[in-house]
Amino acid sequence: MTQSPTTPFGAQSTASEVVDGVDLTGRRTVVTGATGGLGRETARALASAGAEVTVAGRTLHAAAHVAREIAAETGNVLTRAAALDLADPASVGSFVADWHGPLHILVNNAGIMATPELRTAAGRELQFATNHLGHFALAVGLHHALAAAGDARVVVLSSVGHVNGPVRFDDPDFTREPYDPWQAYAQSKTANVLFAVEAAKRWAADGIAVNALNPGRIWETGLGRHMDAPPASFDPSGTSGVSEKNIAQGAATSVLLAASPLVDGVTGRYFEDCQEAGAHTPGVRRGVAAHAVDPDSARRLWDLSVRLTAGDR
């Protein structure tokens, strides 16, 4: 296993600081959920370093608007737009079919949190479908493009919320038990980490590095729009170890894992505050929970995801 990297960056570092001096010329990137918040800032930072960036959003109109803004801000004319609705298997399939050539960086950034009980057309619980299954289908569908790059990176945004619960393998869609928005969110974010663990193992021979991260608590992104008030488990005081950040700081760890030479060769890990995270300690809102890095659960989730995504086509 590659030694845990040490970086000069921390909780208050910004995406621009992390990418300063990095040259991404010739590297093709996709950022999901890039029409606002952390995704937009991640896309902007990568474009500023010379990468060809595809801004992926639920509507082509919104994605094209942001792509034009980023091109104007960075001077990078290789900023493109594409429609991608992760809750719609047909949309994911179209995105994959339309991609040609290598893909060097895939940032699975898009996400929803604590929604009311909502389901996709296939009957999947919306948070699990969007946060995990859609990204799973996207990454697997683009595997050939990632492998063609030779040294690709996949970056998966999870959350400290993953510590609140494992994947509910026997009832991921809450069809047997009453729906709980926070348990649904927790399982989707645990699934993000488990995907990174298993994909890192399966794709190592292809030179594909896959890592997950907790961006920190960023209230400006709109992710919490379904919350009437923060739940007690969020510890709004921030004294339990959660790092409160602005958008530029929240995108820093994503950009580190996507672009920095400091993490070359690192794969299958979980980061926060621009460093590899330690084990979660109960009562402290940071670190990675054991259930999120369990190799048996990672393998089991992969098999489940293959079945579910195949059935939803």
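Keep in mind that this is a model prediction, so the values were computed, not measured.

### A word on the overall build of the chain
And then number 1: A tally of helices and strands in the chain yields 10 helices and 8 strands.
And then number 2: Computed over the C-alpha atoms, the radius of gyration of the chain is 18 Å, within 12% of the 20 Å expected from 2.2 N^0.38 for a compact globule of 313 residues.
And then number 3: Taking the principal axes of its C-alpha atoms as reference, the chain extends roughly 50 × 45 × 40 Å.
And then number 4: Counting all 313 residues of the chain, 57% fall into the buried class.

### Quick notes on the pairing of strand β1 (residues 28-32)
And then number 1: β1 sits mainly inside the fold: 5 of its 5 residues count as buried.
And then number 2: The two faces of β1 match: R28, V30 and T32 on one face and T29 and V31 on the other face are all buried.
And then number 3: Judged from the 5 bridges that link them, β1 and strand β2 (residues 52-57) form a sheet pairing that is parallel. Bridge assignment links V30 to a residue of β2, and that residue is T54.
And then number 4: For β1 and strand β4 (residues 105-108), the ladder comprises 3 bridges, and the chain directions are parallel. For T29, the partnering residue across the bridge sits in β4 and is I105.

### Some details on the sheet that holds strand β7 (residues 270-272)
And then number 1: With mixed pairing, 8 strands are arranged side by side in an open sheet as β3-β2-β1-β4-β5-β6-β7-β8. Only two strands of the sheet have a single partner each, and these edge strands are β3 (79-83) and β8 (275-276).
And then number 2: In this fold helix α4 (residues 89-98) packs onto β1, β2 and β3, with an angle of close to 145° to the strand it touches most, β3.
And then number 3: Lying over the sheet, helix α5 (residues 126-141) contacts β1 and β4, oriented at roughly 170° with respect to β4.

### Structural notes on the pattern of salt bridges
And then number 1: Counted according to the given criterion, the structure contains 20 salt bridges.
And then number 2: The partner of R124 in a salt bridge is D173, and the shortest N-O contact between them spans 3.1 Å. With R124 in the loop between β4 and α5 and D173 in the loop between β5 (153-157) and α7 (181-202), this residue pair connects regions lying 49 residues apart in the sequence.
And then number 3: Of the charged contacts in the structure, one is a salt bridge between E272 and R286, with a shortest N-O distance of 3.6 Å. You can see E272 sitting in strand β7 and its partner R286 sitting in the loop between β8 and α10 (295-311), a full 14 residues away along the chain.
And then number 4: Taking relative accessible area as the criterion, E272 reaches 5% and is therefore assigned buried.
And then number 5: Since its relative accessible area comes to 28%, R286 is described here as partly exposed.

### Notes on α4
And then number 1: Residues of α4 that are buried: S91, V92, F95 and V96. In an axial view of α4, the angular spread of the buried residues amounts to 135°, which keeps them on one side of the axis. In α4, those exposed residues whose orientation departs by more than 90 degrees from the buried face are A90 and D98.
And then number 2: Looking at the buried residues of α4, the elements they touch are β1, β2, β3 and α5.
And then number 3: Where α4 begins, the capping side chain belongs to D88, and its oxygen is found 3.0 Å from the backbone nitrogen of A90.

### Focus: the environment of W99
And then number 1: When you line up the elements, W99 lands in the loop between α4 and β4.
And then number 2: Given a relative accessible area of 9%, W99 falls into the buried group.
And then number 3: A C-alpha to C-alpha distance of 9.8 Å links W99 and G141, two positions 42 residues apart in sequence.
And then number 4: In this structure W99 touches R28, V30, T54, L142 and A145, once residues within four positions along its chain are discounted.

### Things to note about empty space enclosed by the protein
And then number 1: In total, this model carries 2 cavities of 30 Å³ or more according to the counting rule given.
And then number 2: Taken together, N108, H132, H135, F136, V156, N192 and F195 make up the lining of the second largest cavity.
And then number 3: Of all the elements in the fold, those that place two or more residues in the lining of the second largest cavity are α5 and α7.
And then number 4: With 3 residues, α5 is the largest single contributor of residues to the lining of the second largest cavity.
And then number 5: Looking at the lining of the second largest cavity, its residues break down into 3 nonpolar, 4 polar and no charged.

Conventions and cut-offs
- Residues numbered from 1 in each chain as written.
- Predicted model: local features only at pLDDT ≥ 70, side-chain atom pairs only at ≥ 80, totals over all residues.
- Heavy atoms only, no water.
- Helix = DSSP H or I, 4+ residues; strand = E, 2+ residues; numbered from the N terminus.
- Rg over C-alpha atoms; globule rule 2.2 N^0.38 Å.
- Buried < 20%, exposed > 50% of the residue type's maximum accessible area, 1.4 Å probe, protein only.
- Pairing = 2+ DSSP bridges.
- Contact = heavy atoms within 4.5 Å.
- Axes fitted to C-alpha atoms, helices over the stretch in contact; angles between N-to-C directions.
- Salt bridge = Lys/Arg side-chain N within 4 Å of Asp/Glu carboxyl O.
- Arc of directions from axis to C-beta.
- Polar contact = N/O pair within 3.5 Å; in protein donor to acceptor, adjacent residues only side chain to side chain.
- 1 Å grid on protein atoms, 1.4 Å probe; cavity = no way out; pocket = protein on both sides within 12 Å on 5 of 7 lines; lining within 4 Å.
- Points joined across faces, edges and corners; volume = space filled by probe spheres on them.
- Nonpolar A, V, L, I, M, F, W, Y, C, P; charged D, E, K, R; others polar.

Such coordinate-based values are descriptive only and should not be taken to indicate function.
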